[in-house]
Amino acid sequence: MRLSLLVSLMAAALVAPATAPGTAPAAVAEPVTWLEAEDGALSGTVVEEAVEGFSGTGYVAGFDEPTDALTVTIPDSPGGLHDLTIRYATPYGAKTASLSLNGAGLGDVRFPEHPTFTAIGAGKVLLRPGDNTVTVTNNWGWYLIDAIGVTPSAPRGPHQVTGALTDPAATREAKGLMRYLARNHGVKTLSGQQDQASIDWVEQNAGKAPAVGGYDLMDYSPSRVERGTVGRDVDHALAWDARGGVVTLAWHWNAPSGLVDQPGKEWWRGFYTDATTFDLAAALADPTSTDYKLLIRDVDAIAVQLKRLADAKVPVLWRPLHEAEGGWFWWGAKGPGPAKQLYRLLHDRLVGHHGLHNLIWVWNSVAPEWYPGDDVVDVVSTDSYPPVGDHGPVIGPYERLVALGGDRKLVALGEVGSIPDPDLVRAYQARWGWFVTWSGSFVQDGVTNPLDFVRRVYHHDDVVTLDELPDFKSTAGTCTATTRVVARWGTGFHAEVTVRHPENSPTSSWRVSWQLGAGQRIGSHWATRITTSGSTATAVNTSWNAAIQPGGSTTFGFLAEGTPTEDSPTAPAPTCAIG
């Protein structure tokens, strides 16, 4: 097998897409080891030369049947984590390939449309010492593979996820949940299950309940309600919250109009592109049109259900317009422009018009051209349905989502068919916030996720279950408090404490604690309420200064007897927490 080491500017450029933000830069860039596809083992595929720009002597084509594949051997590896890069071309539009390493599933890689050869980062591979094989299997075919490159991965540095929400008026409960998720980031992954019947099945058969309950507002869509559906999932979500669980909601939005309602395209399949004639682009282009008004009607109907959750102080991981880039749902059928416009319309209507501030906004696509913007997205996510038996870490989409969110957004698996193996998630440093297994056969058939595997996942140290969740609604944020001695006299002193708030939404409360020095006693105080317990003093907000604006501060003061604590160089700094 021929190896080509491209130690050049071209090689450096090809490495870049495969390297996630937050990765510590190497002093000298590692060269890419390229393996020509035409030298690999072909199964139902062929070597061609018609498309110009390939390296070596050709490229591999013929990915048109489900089992068509290319296997490339990486020889004499020292082992360890490596970045994987694929040179490809997609003359017939965006495509998807399934990857495997040494016969074990490694998830999918999406090839954006590119009629000539280009390179894309495909995540990481954990190589064993010696020979390794990487297999590309058809999935959604008619793409061309020119070469596969590997390079040793640089150590992954700490991510920059802060837990700040984009909604400046986010509820205390939403902020608490997001803070918990951010603090848990890179430590453990929350388990999740879609649909109440499947949640119950997991609890009964795995011996533990998921941390995240997945529900759907599908049957609250007006075009379904008018045909007799009665939604139950908000009731289930309220009950799940009462048990201390995390709630996530999707919306299989039945098209507002234009339902085909023919065999195979029944009205209840109206969220699929092929089951409706609804034209999103045309509706959005004319706000006076009937279809635009029907969009607003539908959003307002869903707002009624979301308000039930808001009134009950339920924070929601809200994942609307999921899988838009796939095009199989009508909200993605007209391309990224209308999909992003609809997402922002939905955001403005629910947050601005209806005042729903209990929502944590989860975007569900990895393609940059579909991303609606940092200002309306709190979490980036993807859905993963690899071939049966593939419990890989879904590392390729993970790396792309980290880049999409600028390494500041939490990253999650909105839906999975096969649950990622927690051991592989750890080995690949794929710091997923949570996963939600899809319902029915995906968890119950004993094939997609065998029961012994489900039990192992739910009892794994790296996976959070319902019984392990804290009171996340009350998770306090961080702030800083600094003390300044304004004046002093023989028996006491006057001090001021400034509380500074770094998050992007106003606080609803704050609390500062510090250790009293020997002989100290707190006397008069203002702009706060101070209590002491033993040697600890705690100051909390008053009603009028509870809300500190983003980046702002507030100050309180007190008089005390004794020597100022600040006179001691070993005195601990005050601790500060915000709600």
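Remember, it's a predicted structure, so these values are computed and weren't measured experimentally. Residue positions are given per chain, counting from 1 as you read along its sequence in written order. Whole-chain, interface and lining totals are the exception, using all residues; otherwise, since this is a predicted model, local features are given only for residues with pLDDT of at least 70 and side-chain atom pairs are given and counted only at 80 or more. For side-chain calculations, the full set of non-hydrogen atoms in the structure is used, while hydrogens and water are omitted.

Looking at the sheet that holds strand β28 (residues 529-533)
Point 1. Whether two strands pair comes down to DSSP finding at least two bridges between them. Numbered from the N terminus, helices here are DSSP runs of H or I no shorter than four residues, and strands are runs of E no shorter than two. Ordered by their spatial adjacency, 5 strands build an open sheet running β23-β31-β26-β29-β28, and the pairing between neighbours is antiparallel. A strand with exactly one partner marks an edge of an open sheet, and here the two such strands are β23 (477-478) and β28.
Point 2. As paired strands, β23 and strand β31 (residues 575-578) are joined by 2 bridges and run antiparallel to one another. The partner of G477 across the bridge, within β31, is I578.

Topic: the sheet that holds strand β6 (residues 69-77)
Point 1. Pairing is antiparallel across the open sheet formed by 5 strands, whose spatial order is β3-β6-β11-β8-β9. Across the chains shown, the open sheet's two edge strands, defined by having one partner strand only, are β3 (41-43) and β9 (104-111). When the angles between neighbouring strand axes are averaged without regard to direction, this sheet yields 25°.
Point 2. Across 6 bridges, the pairing between strand β8 (residues 95-101) and β9 is antiparallel. Paired with L101 across the bridge in β9 is A104. For helices, the axis comes from a line fit to the C-alpha atoms of the stretch in contact; other axes are also lines fit to C-alpha atoms, and the angle between any two N-to-C directions lies between 0 and 180 degrees.

Notes on unusual backbone geometry
Point 1. Even without being glycine, D261 reaches a positive phi, approximately 55°.
Point 2. Throughout this description, buried means an accessible area under 20% of the type-specific maximum (1.4 Å probe, protein chains only), exposed means over 50%, and partly exposed covers the range between. The class of D261 is partly exposed, set by a relative accessible area of 41%.
Point 3. Even without glycine at this site, A527 takes up a positive phi of about 60°.
Point 4. Within the element layout of this structure, A527 appears in the loop between β27 (521-526) and β28.

Brief notes about the packing of helix α5 (residues 233-242) against helix α7 (residues 290-311)
Point 1. Relative to each other, α5 and α7 sit at 15°, their axes nearing to 10 Å. When the axes of α5 and α7 are compared, the pair comes out roughly parallel. The chirality of how α5 crosses α7 is right-handed. The segment α5 lies against α7, with V234, D235, A237 and L238 engaging Q305, R308 and L309.
Point 2. By the convention adopted, Pro, Cys, Tyr, Trp, Phe, Met, Ile, Leu, Val and Ala count as nonpolar, Lys, Arg, Asp and Glu as charged, and the other residues, Gly among them, as polar. A per-class count over the contact of α5 with α7 returns 4 nonpolar, 1 polar and 2 charged. Angle categories are assigned with fixed cut-offs, so that under 35 degrees is roughly parallel, over 145 is roughly antiparallel, 65 to 115 is roughly perpendicular, and the rest are oblique. Helix crossings fall into two classes, left-handed where the near helix is turned counterclockwise from the far one by less than a right angle and right-handed where it is turned clockwise. By the convention used here, residues are in contact when the closest approach between their heavy atoms is within 4.5 Å.

Overview of the pairing of strand β15 (residues 212-216)
Point 1. Of all the 5 residues making up β15, 5 are buried; the element is thus mostly covered by neighbouring parts of the structure.
Point 2. Residue alternation in β15 divides its side chains into two sets, V212, G214 and D216 and G213 and Y215, and both sets are buried.
Point 3. Relative to β15, strand β14 (residues 192-194) runs parallel, the two sharing 3 bridges. Its bridge partner being in β15, Q194 is matched across the sheet by G214.
Point 4. Since β14 and β15 lie parallel, the crossover through helix α3 (residues 196-206) that links them has a hand, and here it is right-handed.
Point 5. Here 5 bridges tie β15 to strand β16 (residues 246-250), and the two strands are oriented parallel to one another. By the bridge assignment, D216 is partnered in β16 with A250. Here is how to tell: hold the view so the strands point away, follow the path from the first strand over the helix to the second, and if it runs clockwise the crossover is right-handed.

Points about the layout of surface pockets
Point 1. What the largest pocket holds in volume is close to 690 Å³.
Point 2. What lines the largest pocket is a set of 26 residues, and nearest its centre among them are T96, D108, W328, T382 and D383.
Point 3. Mapped onto the lining of the largest pocket, the elements with two or more residues apiece are β9, β11 (130-140), β19 (379-384) and α9 (395-404).
Point 4. Ranked by residue count, the leading element in the lining of the largest pocket is β9, at 4 residues. Using a 1 Å grid laid over the protein atoms alone, points where a 1.4 Å probe fits but cannot get out form a cavity; open sets with protein on both sides within 12 Å along at least 5 of 7 lines form a pocket; any residue with an atom within 4 Å of a point counts as lining. Grid points are joined across faces, edges and corners, and a volume is the space filled by probe spheres set on the points.

Topic: the UniProt feature "domain: CBM6" (unreviewed entry) in the chain
Point 1. UniProt positions are given in the numbering used here, feature names are shortened, and annotations may be inferred rather than shown by experiment. Following the UniProt record, one finds the feature "domain: CBM6" (unreviewed entry) at residues 33-151.
Point 2. Taken as a whole, residues 33-151 contains 0% helix and 68% strand, while its terminal C-alpha atoms sit 6 Å from one another.

Notes on the environment of A537
Point 1. Structurally, the position occupied by A537 is in strand β29 (residues 536-540).
Point 2. In this structure the C-alpha to C-alpha distance between A537 and L321, which are 216 residues apart in sequence, comes to 49 Å.
Point 3. Residues in contact with A537, not counting those within four places in the same chain, are V512, S513, W514, L516, T531 and T532.

Some thoughts on the side chain of R179
Point 1. Following the sequence through the fold, R179 ends up in helix α2 (residues 172-184).
Point 2. R179 gets classed as buried once you look at its relative accessible area, which sits at 4%.
Point 3. A 3.5 Å cut-off defines polar contacts: any pair of N or O atoms within that distance qualifies, except that in protein one atom must be a possible hydrogen donor and the other a possible acceptor, and neighbouring residues in sequence count only when both atoms are side-chain atoms. For R179, the side chain forms a polar contact with the main-chain oxygen of I578, separated by 3.4 Å.
Point 4. Beyond its immediate sequence surroundings of up to four residues, R179 is in contact with G163, T475, A476, G477, E503, I578 and G579.

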